[in-house]
Structure formats: C-alpha cells, structure tokens
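# Structure at a glance
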Amino acid sequence: MASSSIPCIRSAIDDLRFLRNICEVWERHFLHAPIGGLAFLRTFLLCARKCSNHVDANLAALLVRIEDVISRRAQEIHSFRLATLEGDGFPNDVVRTAYHLGKEIRSFNQEINHWYVVFSDCSSGQSTDSLVNKDDLMELMDSLLENLVDFSYWQNASDLEVVEHIGAFRGKLTFLKNFLHFITPHEVEDGQLELLLTHTEAVAVNVARHIFMCGSIQCKEKLMQIKNGDSCKLMQNIVPVETCKALIASNLSSHSHREIDEQMLKDFVDMLLSNLWDILKSGTCLMIHLRDQLQKLYEGLRSLRNILKEKPKKFDEKMRDLTGLVVHDAGLAIFSLSLNARNDELVKEMHLVSSDLLENFKVIQATVAEEFPKRSSFKFPRTNELGFIDFLLKYMMDLTSPEASSVAFVSYPIQTIQEELVFLRSFLQKIVELRNENEELQSLWDRVVQVAYRVEFLIDSLLVGYILDSSSMSFDSVVEEIKIIKAQALNFHSKMLDLKVEGVTKRIDHMPSQGSKPMINDVVVGFKDEATSIINRLTRGSRQVQIVPIVGMPGLGKTTLAKKIYYDASVMHHFHTRAWCTVSQVYHKKNLLLEILTCINSKLSEKFFEMSEEDLAHQVKRRLLRNKYLIVLDDVWDSEVWKGLEASFPDDGNGSRVILTSRLRDIAPQDKLDQEPHSLRQLTHDESWDLLQEKFCPGKDSLPPELCELRTQIVEMCQGLPLTIVILAGILANMEQSGWKEVVQSLSSSNISSTEQCTAALELSYRHLPDNLKPCFLYFGGFPEDHEHTIERLIWLWVAEGFVETTHSKSAEDVANDFMMNLIGRSLVMVSKQRSTGGVRACRIHDLLHELCVKKAKEEKFLQLVRGYDELYAFNVPHHLRRLCINSKPEHFQESRLSIPTVRCLLFFKFGPREPYTWFDLSFIFQVFKLLRVLDLSQINLGATLPREIGSLVQLRYLAVLGNMKSIPSSITNLSNLETLILEIYGWLISLPDTIWNMKRLRHLHLKDESLTGGFDLPMENLDNSSQLCNLDTFSWVSLSSWENMDKILRKIPNIRKLKCRLVVDCDPAKEGSYRILVLDFLGQLESLNLRLRTEIDERYPFEFHFSLTIKKLTLSCFCLPWSDISAIADLPNLQVLKLLEQTFVGEEWNMKEEEFPKLQFLKLASLDIVKWTALECENSFPRLQKLVLENCYNLVEIPSSLGNVSTLDIIELSDCPSCASSVNEIQEEQISMGNTDFKVISSSRDVLSLYISELLSSSDMH
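Residues numbered from 1 in each chain as written. Predicted model: local features only at pLDDT ≥ 70, side-chain atom pairs only at ≥ 80, totals over all residues. Heavy atoms only, no water.

Going by this rule: UniProt positions are given in the numbering used here, feature names are shortened, and annotations may be inferred rather than shown by experiment.
In UniProt, the protein chain has this text filed under Sequence similarities (unreviewed entry): "Belongs to the disease resistance NB-LRR family."

## A word on the overall build of the protein chain
Spelled out, the test is: The secondary structure listing takes helices from DSSP runs of H or I that are at least 4 residues long and strands from runs of E that are at least 2 residues long, numbered from the N terminus. When a residue's accessible area, from a 1.4 Å probe over protein chains only, is under 20% of the maximum for its type it is buried; when over 50% it is exposed; and in between it is partly exposed. Every accessible area reported is derived by Shrake-Rupley at a probe size of 1.4 Å, with residue values counting cover from the shown protein chains alone.
Looking only at helices and strands, the protein chain has 46 helices and 34 strands in total. The proportion of buried residues among the 1263 residues of the protein chain is 54%. Summed over its atoms, the accessible surface of the protein chain is roughly 55,300 Å², and 49% of this surface lies on carbon and sulfur atoms.

## Comments concerning the side chain of Arg42
Rules: Note on contacts: a residue pair qualifies if any of its non-hydrogen atoms lie within 4.5 Å across the two residues.
Among the structural elements, Arg42 can be located in helix α2 (residues 25–49). Not counting the four nearest positions on each side in its chain, Arg42 is found in contact with Ile6, Ile9, Arg10, Ile13, Ser143 and Glu146.

## Here's the deal with the nonpolar core
Worth spelling out the cut-off: Side-chain atoms within 4.5 Å are what join buried Ala, Val, Leu, Ile, Met, Phe, Trp, Tyr and Cys residues into a set we call a nonpolar core.
Core analysis: the biggest nonpolar cluster contains 208 residues, and Phe44, Ile925, Leu935, Ile1129, Phe1157 and Trp1173 have the highest contact counts within it. The element that contributes the greatest number of residues to this core is α2, accounting for 11 residues. Setting aside residues no more than four positions away along its own chain, Phe1157 makes contact with Ile1126, Ile1129, Ala1130, Leu1135, Leu1138, Trp1150, Met1152, Phe1182 and Pro1183. Judged by nonpolar contacts, the second largest core, of 89 residues, contains Phe696, Cys718, Leu794 and Leu907.

## Section: the sheet that holds strand β9 (residues 830–834)
What holds strands together in a sheet is hydrogen bonding between their backbones, with the strands either parallel or antiparallel. Short version of the rule: Strands are labelled as partners when DSSP assigns at least two bridges between them.
Spatially, 3 strands are ordered β8-β10-β9 in an open sheet, and the strand pairing comes out antiparallel. Two strands close off the open sheet at either side, each with one partner strand: β8 (789–790) and β9. Looking at chain direction, β8 and strand β10 (residues 840–844) are connected through 2 bridges and run antiparallel. Residue pairing in the sheet places His789 in a bridge with Cys843 of β10.

## Here's the deal with the packing of aromatic side chains
Filter applied, for reference: Ring pairs shown here join Phe, Tyr and Trp side chains whose ring centres sit within 6.5 Å, with only the six-membered ring taken for Trp; geometry is labelled stacked below 30 degrees between planes, edge-to-face above 60, and tilted in between.
The tally for this structure, following the rule as stated, stands at 34 aromatic pairs. Where Phe388 meets Tyr453, the ring centres are 3.8 Å apart and the plane angle is 5°; that geometry is what we call stacked. Pair noted here: Phe388 is in helix α17 (residues 385–400) and Tyr453 is in helix α19 (residues 439–464), with a separation of 65 residues, a long-range link. For Tyr453, a relative accessible area of 4% puts it in the buried group. Ring geometry for Tyr629 against Phe649: centres 6.3 Å apart, planes inclined by 45°, an arrangement best described as tilted.

## A word on helix α4 (residues 94–106)
In an α-helix, one full turn covers 3.6 residues, which means residues spaced three or four apart are oriented alike. To keep things clear, this is the line we draw: To estimate how far a helix should extend, the number of its residues minus one is multiplied by 1.5 Å.
With 13 residues, α4 extends 18 Å between its outermost C-alpha atoms, agreeing within 8% with the 18 Å of an ideal straight helix rising 1.5 Å per residue. Among all positions of α4, only Val94, Val95, Thr97, Ala98, Leu101, Gly102, Glu104 and Ile105 are buried.

## Considering the pattern of salt bridges
Our working rule: What counts as a salt bridge is simple: a side-chain nitrogen of Lys or Arg found within 4 Å of a carboxyl oxygen of Asp or Glu.
Tallied over the full model, the rule gives 48 salt bridges. The closest approach of N and O atoms between Glu385 and Arg382, which form a salt bridge, is 3.4 Å. Judged by its relative accessible area of 5%, Glu385 is buried. Take Arg382: its relative accessible area is 30%, and that puts it in the partly exposed class. Here Glu676 ties to Arg665 by a salt bridge, and the two come within 3.4 Å at their closest N and O atoms. Taken together, the residues span a long stretch of sequence, with Glu676 in the loop between β6 (657–662) and β7 (678–679) and Arg665 in the loop between β6 and β7 at a distance of 11 residues. Given the relative accessible area of 53%, Glu676 is considered exposed. Looking at Arg665, the relative accessible area reads 28%, which means it is partly exposed. Each of the salt bridges in this network shares a partner with another, and the network as a whole consists of Glu456, Asp460, Arg882, Arg904 and Arg933.

## Section: the packing of helix α37 (residues 791–801) against helix α38 (residues 812–825)
So the rule is basically this: All axes here are fitted lines through C-alpha atoms, helices being fitted over the stretch that makes contact, and every angle between N-to-C directions spans 0 to 180 degrees. Note on angle classes: values under 35 degrees are labelled roughly parallel, values over 145 roughly antiparallel, values of 65 to 115 roughly perpendicular, and the remainder oblique. Crossing handedness is defined as follows: a turn of the near helix away from the far one that is anticlockwise and smaller than a right angle gives a left-handed crossing, while the clockwise case is right-handed. Only Asp, Glu, Lys and Arg are considered charged, only Ala, Val, Leu, Ile, Met, Phe, Trp, Tyr, Cys and Pro nonpolar, and every remaining residue, Gly among them, polar.
Interaxial distance between α37 and α38 falls to 9 Å at its minimum, and their mutual angle equals 115°. Judged by the inter-axis angle, α37 sits roughly perpendicular to α38. Of the two elements, α37 crosses α38, and the hand of that crossing is right-handed. Contacts from Ile791, Leu794, Ile795, Trp796, Trp798 and Val799 in α37 reach Ala812, Glu813, Ala816, Asn817, Phe819, Met820 and Leu823 in α38. Residue composition of the contact of α37 with α38, grouped by class: 11 nonpolar, 1 polar and 1 charged.

## A word on the sheet that holds β6
Strand order in this open sheet of 5 strands is β4-β5-β6-β3-β7, and the pairing throughout is parallel. Where the open sheet ends on each side, the last strands, each with one partner, are β4 (577–582) and β7. Across 5 bridges, the pairing between strand β5 (residues 629–636) and β6 is parallel. In the sheet register, Leu633 faces β6, and the bridge partner there is Leu660. Contacts from helix α23 (residues 558–566) reach β3 (546–551), β4, β5 and β6 within the one sheet, and its direction differs from that of β4 by about 165°. Across the sheet, helix α25 (residues 589–600) is in contact with β4 and β5; its angle to β4 comes to roughly 145°.

## Remarks on the packing of helix α22 (residues 528–539) against α23
It is the contact of α22 with α23, at a shortest axis distance of 10 Å, that shows an interaxial angle of 55°. One element, α22, and the other, α23, form an angle in the oblique class. Judged by the sense of rotation from one axis to the other, the crossing of α22 with α23 is right-handed. Facing α22, whose interface residues are Lys528, Glu530, Ala531, Ile534, Ile535 and Leu538, α23 presents Leu561, Lys564 and Ile565.

Written out as structure tokens, the structure reads:
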C-alpha cells in the first residue's frame, strides 16, 4: 500500500520541478513547499513500507488517505506539464493546486509524527533475525538525504545553527551509505553485515523522525529540539562501533574489489577524508608523531581521490585490488582512532598508519603516472635561505630573552641549538659562491637549511601546545644532527682554498655567451612620440656628455626603440661616430671595448684582439676624441658597467651622448643626467594591432578578416607588451584559421609566458635579483592576477613574514619600502596610484611577471596559489607547504577540508563581488592551521562575532578579517606576537577589550569602513594603570567620545606615526568648555593626521588645536572653524599635504598672511562655502606648492593671483567650481609667461551625489 504511492510521488516531484523552472520568479516560492513536502512524505512511506504487511488499521487508513491525495494531485500536476509542452502556456491553476497540495500534506503531520515514534521504537528493538533488504534501505537513505538537502527550501530555515546541524546529519548519513556500498561486495564474517544493516535502518528511521519534527515545528522551538540530548546522542551513534567491526571482519580475497567501480571507491574515499578531517580539526591527537601519520594519510587519500576522479587508463583489475586494499587499511586506521579517541594512553601508543600503507599510495601514484616520479629530497623553501636562518636566529633570541619570561623551553636545549646555528650560518656565508659548483657543499648547505626549518617547526609546535615525543621529530634528534653537520663543516675549512680556485675556474668556463638573451625581430611599431622625445634629448640641451637611460619592464621593447633611434636619419646625420654595444647580465669589459671598436672600424686587425683591457680602453678613447659620438649600451644590469667604461668616453663639450637601456631605473649616475630616465610606456591598442600585423604577415596591408574579428580580445589580452604580441603572432601564424578564435578565447598570459623566448627574458630578471628581494617579488604570486596592491598593506605583510628587519636607523616598514622602490626601479613592479606628494600608493605587476612569480614560487616551495574549485578539490598538498594562497568562492574553501598543519601564511581572495550579508563558518582554521603567522580573511564575511578560538593562533603576526562584529573577544590578547590587525566592517563601532593595552607588539591597528561612520571604541576603564602601546605606528579609525579621557588615551600611543580619529561631541552645552583644546603636540613621531568631527547638532564648537610640529600630512573634516583659526595649521614647519574638507572652515573670505605654509606641496579644498581667497602682501606663501585641488566650492570666485608666481606649481584641478575659472586662467597665463609651459589646468563637473561620495572617500585616505 505504501509502495504504490512512491512512484506517484516521484512523478509529481519531477513535474513540479519542471514547472518551477519555467514559471515566473514570484511563483517559484509557492512550488518550493509542496516539492519538499512530497519528498518528506516519500521518506515516511519508505519507512512504513516494512510494516505494510502487518500494519494495524489506523496506519492503513492513513496510507489510504495519503494515496488518494497523491494520486489525485499528481494527475492534476502532470496535466499542467503536458499543457505547457503542447504550447498552451503556463497554466494559471498551478499555484493554486500547489498551495492546496501543501496544505493537504501538512494535515497529515500530527499522525506522521505519531507513527514515526512507533517506527523508531520498532526499529530500535528489532533483532538481527529480522532481515533488512539492502536495496530498500538504500532507497530510504537516498530519499532521506534528499530531504536534508531540501530542508532549507521547504521550511526556509534561516537559523544558521539549524542549517549547520542538518548539514552534519547529511555528512554522517552519506558516509554510512557509502560505507555500505563499499563493504557489501566483500565476504563479511560472523553476521556483521546483518548487524550493520539493522543498525543503519534504525538510524535512518530515527533521523527521518527527527528531521520531520524539526520541519513541522516553529522556528524558535527548532533550535531547542536540535540541541536536546536525544539529538546529540543520535548524531554520535550514526557511525557505530559495528561499522569498524564489520570492516575488520571483511575477508579481502584477491578478487574482493573487482566488483567495486571507481565511483563507489571515490565516494567512500570522500567519506574517509571527511571523518579524518573531523579528527584532525578536533585536535584529539596532539602527539606530533601521530599527527604526522594522520597528515600523511590525509594527503594520500586526497591524492587517491584525484586519481579516481580522472579515471586513468592504468586503473586495471590489479590496481583496483590495490586501491581497495589501501582504502580498507585507511578506513581501519581512521575507525580505530575514532573508537579509541577517549583513551589518551592508548592513542599515545598507537601506530595507526603503517609504512606499507603509505608505500602503496606511492605505488598507485607512480603506476598512474607510468613512471616513478623523481622527487627532490629537499622539501623546504629555496628562496633566500640565509634570510630565513637570520629570521630564525632572531626569533630564538626573542624567545629566550629575559623579557619573554617563557617557561616553555626550560627543559629543551634551545640555547645550545641557537649557538650552533650561529656557527653554521657563518659557514654558509663563506660557501655562498662555491656551493653551486660543488655537490658536497650543496648537500651540506641543504642539510643546514633543513635542520633550521625543523628547529622552527619544533619550537612553534611547542608554543601552540603540541606534545613533543622521543621520535625523530624531537629536539634531541636535532642536536645530534647539528653535531654531525658541524663536524663536516669544520672538515671543509681545510679545503676552502682549493675549492675557491676550482670554483672560480668553473664559473669562468660556464659563463653564458652574450648572445644567449632572446631577441625580438626588430619590427618597429609605435613609439613615434617616445622616439621624438629621446631624439630631442640627444640632439639638444647641454654640450657636455649626457646619459639618456631608456628603462622599463622586460618585453616592452627598450632595445627596439633604441635601435629605431640609433638608425634614425637625423641622429645619423647629427653624430659623427656611433657605436652599439650589448652588455647583458654577464659581460667582460674587454669584449665590450672590442664591440665598440668594431662599430667604429669594422675591419679591426688581429692585434686589437690580443691587446689588454687598458690598451683597448685607450684605443676607444683615441678614436672618440674630438668626435661628436653616440654610444648605445644595451641591456645594462649593473652601474659598474658605466664606471668601467666612463674613462674611455671623452667629454669635449661637443654634445656627445650615451644611451643606456635597462630594467633598472637608477642605473646611471645623477651628474650625467639632464633629465629623469625615460620610462617606456606600453603600446596603445592601435599600436599593438599594428605590431601584430607586421609580425603575422610582413609587407601586407591588412590581416585576414577572421583575425580582425578578434581584434578587441587580442589587444586587451596582450596589454601593450610587445614581447607578448610577438609570441602570440608566432602562435597564430603556425596554425589553421579555423582554430584562431578558440585559441584567442582560451589563451592567457600563462600560455604565452610558457614559451621559451618569453620565459628566458622574464626569468633573467628574477635570477638577477638580490636574495633579499626575491621573497618580496615572489609574494606577488600569492595574489590573483591583475590584483592592485596597496603599498602600505603589502609592506605590513612582508614585515610579518620576516622578509625585512629593522636597522639601526630605519624601521622594518621603512626598509620594506626601500625594497619596494627597488623592485619598481627594476621595472618588475608598476606604479598604479600615486600619493599626493608623488610617492607610491598602489602598485601591480604585469600578467607575465605574475605567472613567473606563481611558477617560481611553486618551484622553490615558497608559496602555492590555488585557483578555483577544481584546483582546490584536486590539490595535492606538498609536504611542508609554508604559504597557501587561495582564490575561490568562499563556500568552496569552506568545503575543501584542507589540512596543512605546516602552513605559516594563509591568504584568501574571493571570486566575484563581495557579499556583505552572507557569512561563513571558518572556525576549522583555528584547529587545523595552528602555526599561522599571517592570516588574511578580509574577503570572507565571518559574521557577527570574531570566534574566541582566534586566541589559539598564538603565532599570528598579521590578521585581517571581514565581518559584522561589534566587538573583539578578549582572547585576542593571547596573540602576543600580533603586529598588524585589520578589520573590515559595515558602519558601526567595534569595542576593543580592555586587554588591548597588553598587546605590546601591536604596530598597525586599522579599521576599513566603507560607510566612513565606524571606528574602534577603546576601553576607558583603569587607564591610569594600563600599559602603553609604545610600538603602535598606525591607528585608524579610532572613535574618541570621552573628552575627559582623550589626553590619557593619546598618551597611550606615544610613538604613533599615522593617526585617524573620529571625534564625537556630546550635545550637552554645559560641557562645551571642555571641548575647546585638542592637544597633540606631545606626539613627537606623528607625521600623518586625519581628524573628523561628528556631532548630532548643527552648532559650531570652538576648537583650539595644538598640533605636533612633526606633522607632514593633515586632513580635517566638519569642524566649522572660522578662517582666522587656520594659523594653527599655516605655521606647521613640516606640513607637505593639507586637505580641508566638508565645512572644516566656514566663512566667505580667507585672507592669507605673509610666509605661510613654507613646505606645503599639495593643497585640497573641498565642499567649503568660501567665496574669496586672497593673499595680499604675501608673495612668499606656498613657495613649494606643486598641486592645488578645488572641489565643490561653488561660491569660490577668487583665488590668490600670487600663485602665478609659484615656480613649483604644476597643476590646478577644478571640479564643480564654476565661479573661479577667470581667476585660474590668470594664474595659468602668468605661469606660462614665466616659462612653465608644462603647467596644466584640469576642469571637470560631476553630479552632486558622486561628488559627495568622492569627498567622503578622499577624507579617509591615509597618505
């Protein structure tokens, strides 16, 4: 009776889903409930099916009524579907019928609940003699799992805790189902299978009852129902002891797995991974050796899952048997641990993962790959190894210092290891140049680096609470290994001299030839304006010898442009003698001199080739003497090149010139430059297309029409880089026209950069980098392609990673900034946004260089970027992976179940737009990634609270999160190493705990709020006895509302350098007097200050500012001050940037005084009611002003005419300031008359809303 209705329900669900997909959006909601209701009804009928043969009268009557409703409504619904298929349109009665069907289903709820109780009692009490039909049970499990998936649709469950609980049920039941699929083909002894089937049926019925009850009660009662003891007990018993017993009892013959297909194995492996993941993230096993075993097992199972997914040809019967055996043994290990998890002593003694099991994983991988892969024994990062050891030594010194007061290391030989590492670090420094040519030294180098990484792992493991044991991963074993390494190092000292001689000889023999650099055929396209500019520099200006550097990133065409100029008719006519010399990375001075002489006299006699360097230098000078010459030194990598050749280039005061092409900006001495180096731009779209045409079909006027249709895609993909265009032309020219479109659509920079020509050019840039810059450069490979980097934030990351250290004269951030400028100077990083005074605010790297970073970072085990769901799912985790960067959807990361305990850095970047109202539970991070130093989750909403478990990541130095939280848990204080804390929120105050004053290493406390209304709310209790944050360098935004405590708070941050404050004014007039003075002059390090007043009433408050004289950048908003008060700002001796926004000053006239703003370079006035701005008798004001920005000053008629005499002024920008155009034009005329022909006036107009948003954003800029 029950069974007869089930097919009818399937048909009705099918028809309703069809209708839901074609109806209007507003109608779909009405079809969700009946679909879910039918699915739940089907599950009930499947539970009732077993009782149908001996059912009592009441149940029989219920089943008849259900069958009547289902039969009648199913016929109606099917007729609607047929009508739509016949073209009659969507029937009007569908929604009405769906509504009545849902109502009729709900009318059965009370009786169904009653019978579920009966079924549950019956199934729990039945014996194993009552046989369970496996196929019927699987059908019930499938229906129940579908109910769990559709639960949120049926009830629109908005309680996230309920949804998570339902998800847990789904995972457990899926495992049980897959386990049954896996185990039943085996011969299971002792009746264990029957016992397991009986148990599974009982579990299924109880879960069905539980979920049906949750779906049929009110939302407030749901949570209580789910949290009750029966529910928790049910969850714990879904995977029972019998499961493990059945698996142990299975008799694995040589043919036992041949009936199991790959999908069944894959499903079961998925479930093993899920269970192992739960164990790893729960922290049940804290023993390092056991955790290491399980981690290797986890990695092996992930690898096996990927193999099964790909369905390799090598997966024959033999491999299926081996795979089944591996899965069996893995399951046995996982279940054994689950059963004994509460027995700590037993867990401690367990050796669950046999070496045979791990070896079988390798055999499967190797067989599928058709060969045993060659694996390097070195498993740690290769990038800047000496820099890492330096970082480790400082880390150990900090941990063992008296200030650290840590008792964790009392029983361990940390001091001994530190002393020995100091010696080994010194030894490595001596063999830096020799190791590449001597295998023994390289092997010794590797052993030192590996033992250093092991030391770091042991120290970090101890600090996060892992239990050390006496196995190979112990301090004692490390000490023994260091002794052996030291003995070998001492033995090498006697051989050092011989090694040096041998090494030098080998290096000379292996120097690459000068012609090894890949060359692009010299097709000259574009560069007309560039060439004209450089030719003017060559033929005009100073009569002294001048250098004209052409600089830019690899592949931009520096050499091509130089050749175009070199052979230009006017250049050839202007210079008496010309010579071209290719320098390259590896060069010999003698060869350079010979190359120059050959250009001057193509028929050199043999005697020149026999001359010494000194004689050749003299010959070059003699031939250039009293001649107006042009020398091109192409591809220069080192300033020493010029120093070595300068004496050969005479300066006769006749206008001779030298062109240098280089990737480095600072390659030429300043005294030989008449202007800045010429930075080569990228090609325009038209120029890119012209170059493609010249390379694709030389000499022809046009490209094939099929290729012209792809023009837009091609020019955008190549991004104006000639090297990319040339490579693409070569690819397209060597394939059939029919494949062009597909190739262009699928082609990316990664394909292009993989070609030999492009890779060689880009890798040359990387190899030439100093070791300390390589990690900074490779770090770009951890971000998505085309990512724009805020310089400040990137520098904070570098510092947290330990790439830079403080010096006697500079902070770590200043050193990191120098590194950034070096990378920019080498044309490896491009400036995308500038600061007000010309500094760099944001940067990016070209796609080709990004791919190089991704590739090199992976090769050198520095970091790994995982992009998208497919890569996340198939990711085979490298052992000892140090940095993991993920670019995917948040839900895919959440479901990935990655377990990489060695990771020190985790960066996440979201696919698609930000979803402010969707949050994700990522609490697993705090259990699995215990050793993290850098964690950036600023693109995943963590919800209304920052998990307290964040305090378990005691190694964190950098933390960035996004969420709706309004407070920070006090456990944040456990992060005693935290240097940078970044919170991104949506417009409210965040309360900091009173323990924040104990975070003495905190340097950057930053809140990013798009609404510009939020801020940090500091604790005010017990300020007198709280510690100072002496290391705090950057603080934004902080909300200050307690004016009585303001002075105390500001004195807590005595060394602050950049500060943003929102000052909140109390509306009580009685307290007005206490608001008058804002004292900041005791902040002796303050350079950048942004103050914004917030008040609920429209009244002026008389403020008096006592600014620090060190301020260089100042932004004020909403203070409504009279213009007479500006003197407190005008006399600041170091002020370079000033922004006065949103009625900061009110009044129609600003009359400046004499000699104000002595160092100001940038001035912005926005949203002010000023009418007249004068500077009578103050010709010396703004002596260094470079840029003036006026926005939304509608009434402004006059600006000081004396600005026309400011020689440094480059530009005035006007936006929605219509009345002052005449005054600005007079200034422009005066500037031009003074010879400032480059002076610009840029005028624009915007709508009021856009302008207001812009003002708010500009006020939040931290220059």
